[in-house]
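# A look at the structure
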Amino acid sequence: MRKFYGKFSLLLLIIALLFLLYIITPVYVEGTVESKAINGRMSGNIVKGILSNMPYPGEPWILVEDKDFEQFFSPEDRNVFINDSLHELMDRKYVSIDYIVAIEVSSEDPLNDVGERETCAYLTDLEDFNRAKIGDKVLCKVSRFDIARIEEITVL
């Protein structure tokens, strides 16, 4: 009986170590930045689009949905960059801000069930949002703990 419990304990330890290894091993996804967007959350968890950034043939690439922020972008701008003062203005108006980078993956993202050549809109922080530009080839460290969240973007 002791042999059984010893082997069973060893098996449980191996399973726990493999699970820990799974949790701490990062998942990386490669792809191309297809578009970017910013959403603001109002009280009552109502989401409002602030702006979207994507290639529009013959039109501005940055479409500002919240007119309070229209003055910060010109029709010639190609990629959104949010400085600290603009972030603070948005933060005063909204309960929270969601920075979104949509990536057409060239490698699968098993955590978010995204196949090769499919696009996934990932949440990210302001720094990575600003780093990624439309058309950039990127390598993304994807979070195991938050659905469709990028922990870090590296431009290739």
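Preceding this paragraph is the structure being described.
Treat the numbers as computed from the prediction; the structure is a model and nothing was measured.

### As for the side chain of aspartate 98
With respect to the helices and strands, aspartate 98 occurs in strand 4 (residues 96-105). Among the polar contacts listed, one links the side chain of aspartate 98 to the side chain of arginine 41, at a separation of 3.1 Å. If near-sequence neighbours (up to four positions away) are discounted, aspartate 98 is found in contact with Ala37, Ile38, Asn39, Arg41 and Leu123.

### A word on the pattern of salt bridges
Taken as a whole and judged by the stated rule, the model has eight salt bridges. Of the charged contacts in the structure, one is a salt bridge between aspartate 98 and arginine 41, with a shortest N-O distance of 3.1 Å. Taken together, the residues span a long stretch of sequence, with aspartate 98 in strand 4 and arginine 41 in strand 1 (residues 27-41) at a distance of 57 residues. Note on aspartate 98: relative accessible area 12%, which makes it buried. The salt bridge partner of lysine 141 is glutamate 151, with a shortest N-O separation of 3.8 Å. Of this pair, lysine 141 sits in strand 6 (residues 137-142) while glutamate 151 is found in strand 7 (residues 150-155), placing the two residues ten residues apart along the sequence. Residues participating in the shared-partner salt-bridge network are Asp66, Asp68 and Lys93.

### With respect to a nonpolar patch on the surface
On the surface, Leu10, Leu13, Ile14, Leu17, Leu18, Leu20, Leu21 and Ile24 cluster together to form a nonpolar patch covering roughly 790 Å² of accessible area. Considering the arrangement of structural elements, one finds leucine 18 in helix 1 (residues 2-24).

Calculation notes
Residues numbered from 1 in each chain as written. Predicted model: local features only at pLDDT ≥ 70, side-chain atom pairs only at ≥ 80, totals over all residues. Heavy atoms only, no water. Helix = DSSP H or I, 4+ residues; strand = E, 2+ residues; numbered from the N terminus. Polar contact = N/O pair within 3.5 Å; in protein donor to acceptor, adjacent residues only side chain to side chain. Contact = heavy atoms within 4.5 Å. Salt bridge = Lys/Arg side-chain N within 4 Å of Asp/Glu carboxyl O. Buried < 20%, exposed > 50% of the residue type's maximum accessible area, 1.4 Å probe, protein only. Patch = residues over 30% accessible without salt bridge, like charges linked within 9 Å, V, L, I, M, F, W, Y side chains within 5 Å. Areas by Shrake-Rupley, 256 points an atom, 1.4 Å probe, with all protein chains shown as cover.

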